[in-house]
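Below are the chains, spelled out letter by letter.
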Amino acid sequence: MLITHDTRCALDTVVDLVNTAPEDDTTPDGLPDVGALEVFVRDHEVSEVGVLTEFDLAAVRKIRGRFAAVFAAPDARTAAGLINELIAAAGTTPRLTDHDGYDWHVHYFAPGASVADHLAADCGMALAFFVVAGEQERLRRCEAPDCRHAFVDLSRNRSRRYCDSRTCGNRLHVAAYRARRKEAAG
Ligand SMILES: [Zn+2]
Ligand SMILES: [Zn+2]
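As the structure is a prediction and not an experimental result, all values here were calculated from the model.

A closer look at unusual backbone geometry
Then, in step 1: Phi at E48 is positive, roughly 55°, even though this residue is not glycine.
Then, in step 2: Structurally, E48 is set in the loop between α2 (34–43) and α3 (54–71).
Then, in step 3: On the accessibility criterion, E48 (52% relative accessible area) is exposed.

A closer look at the environment of V14
Then, in step 1: Mapped onto the elements, V14 comes out in helix α1 (residues 5–18).
Then, in step 2: A C-alpha to C-alpha distance of 25 Å links V14 and N170, two positions 156 residues apart in sequence.
Then, in step 3: Residues within four places of V14 in sequence aside, it is in contact with F67, F71, C123 and L127.

Description of the packing of aromatic side chains
Then, in step 1: Inspection of the entire model under this criterion finds one aromatic pair.
Then, in step 2: Note that R95 overlies the ring of F109, its terminal NZ or CZ placed 4.8 Å from the centroid.

Digging into the nonpolar core
Then, in step 1: If you look at the biggest cluster of nonpolar residues, it comprises 44 residues, and the most contacted ones within it are F67, F71 and L127.
Then, in step 2: For this core, the elements supplying multiple residues, two or more each, are α1, α2, α3, α4 (76–90), β2 (105–109), α5 (115–132) and β4 (150–152).
Then, in step 3: Ranked by the residues each element gives to this core, the list is headed by α5, at 11 residues.
Then, in step 4: Residue contacts for F67: discarding those within four places in its chain leaves V14, L17, V18, L86, L119, A120, C123, G124 and L127.

Overview of the layout of surface pockets
Then, in step 1: The computed volume of the largest pocket comes to approximately 540 Å³.
Then, in step 2: Along the wall of the largest pocket there are 28 residues; nearest its centre are D6, C9, A10, H105 and D122.
Then, in step 3: Contributing elements (two or more residues each) for the lining of the largest pocket: α1, β2 and α5.
Then, in step 4: Residues belonging to the lining of the largest pocket are distributed by class as follows: 13 nonpolar, 10 polar and five charged.

Observations regarding α4
Then, in step 1: The first and last C-alpha atoms of α4 sit 21 Å apart over 15 residues, in line with the 21 Å expected at 1.5 Å per residue.
Then, in step 2: Taken residue by residue, α4 has A79, I83, L86, I87 and A90 as its buried positions. Along α4, the residues classed as buried sweep out an arc of 90° about the axis, all on the same side. Pointing more than 90 degrees away from the buried face of α4 are the exposed residues R77, N84, A88 and A89.

Quick look at the coordination of the zinc ion (ligand 2)
Then, in step 1: With distances of 2.2 to 2.4 Å, the protein atoms coordinating the zinc ion (ligand 2) are C142 (SG), C147 (SG), C163 (SG) and C168 (SG).
Then, in step 2: Donor residues for the zinc ion (ligand 2), ordered by position in the chain, follow C-x4-C-x15-C-x4-C. Taken together, the residues C142 in the loop between β3 (139–141) and β4 and C163 in the loop between β4 and α6 (165–185) connect sequence positions 21 residues apart.
Then, in step 3: What makes C142 buried here is its relative accessible area of 0%.

Rules used in this analysis
- Residues numbered from 1 in each chain as written.
- Chains lettered and ligands numbered in written order.
- Predicted model: local features only at pLDDT ≥ 70, side-chain atom pairs only at ≥ 80, totals over all residues.
- Heavy atoms only, no water.
- Helix = DSSP H or I, 4+ residues; strand = E, 2+ residues; numbered from the N terminus.
- Buried < 20%, exposed > 50% of the residue type's maximum accessible area, 1.4 Å probe, protein only.
- Contact = heavy atoms within 4.5 Å.
- Phe/Tyr/Trp six-rings, centres within 6.5 Å; stacked < 30°, edge-to-face > 60°.
- Lys NZ or Arg CZ within 6 Å of the ring centre and 35° of its normal.
- Core = buried A, V, L, I, M, F, W, Y, C linked by side-chain atoms within 4.5 Å.
- 1 Å grid on protein atoms, 1.4 Å probe; cavity = no way out; pocket = protein on both sides within 12 Å on 5 of 7 lines; lining within 4 Å.
- Points joined across faces, edges and corners; volume = space filled by probe spheres on them.
- Nonpolar A, V, L, I, M, F, W, Y, C, P; charged D, E, K, R; others polar.
- Expected span 1.5 Å × (residues − 1).
- Arc of directions from axis to C-beta.
- Donors = N, O, S within 2.8 Å, 3.2 Å for Na, K, Ca; no water.

Here it is, written out as structure tokens:
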């Protein structure tokens, strides 16, 4: 499937957003305050964002949970239902743009949309195209038991299992190796 620059950006943004969520009660939230949201928005070059407030923070955390559910969806139908809800709640105004020197691409968020609606519309549409292309299973969660980070598997044969093979893939190999050695020694 063809993945354009802006789709790639939207995918990176939604993956990073989902992964700011605390994994359990002991880990900190990656978006603890409005300042952190400002940094996130700047780092991901989310365009046309005004002054951010506590309201924006709460709304972004809410859609973060809904995007997490898309990555955990067991099949395309479940993912489609979740994505439809996200996009419908955000409202969309598709329009062509070539802002900031990028080639022509389509923005979906409505002009003046809140940052949460902006992310729900544009990231939601980026994920929608995966369902359309029959590629929903590329939207994954890391298989390392202590990780579960979201990622998009862009490998040719959809064989990626870990968010980062150097850390999570490796960590799992090391754990399996230690378990085998322990078994052999015992
Ligand atoms: Zn754009
Ligand atoms: Zn991982």
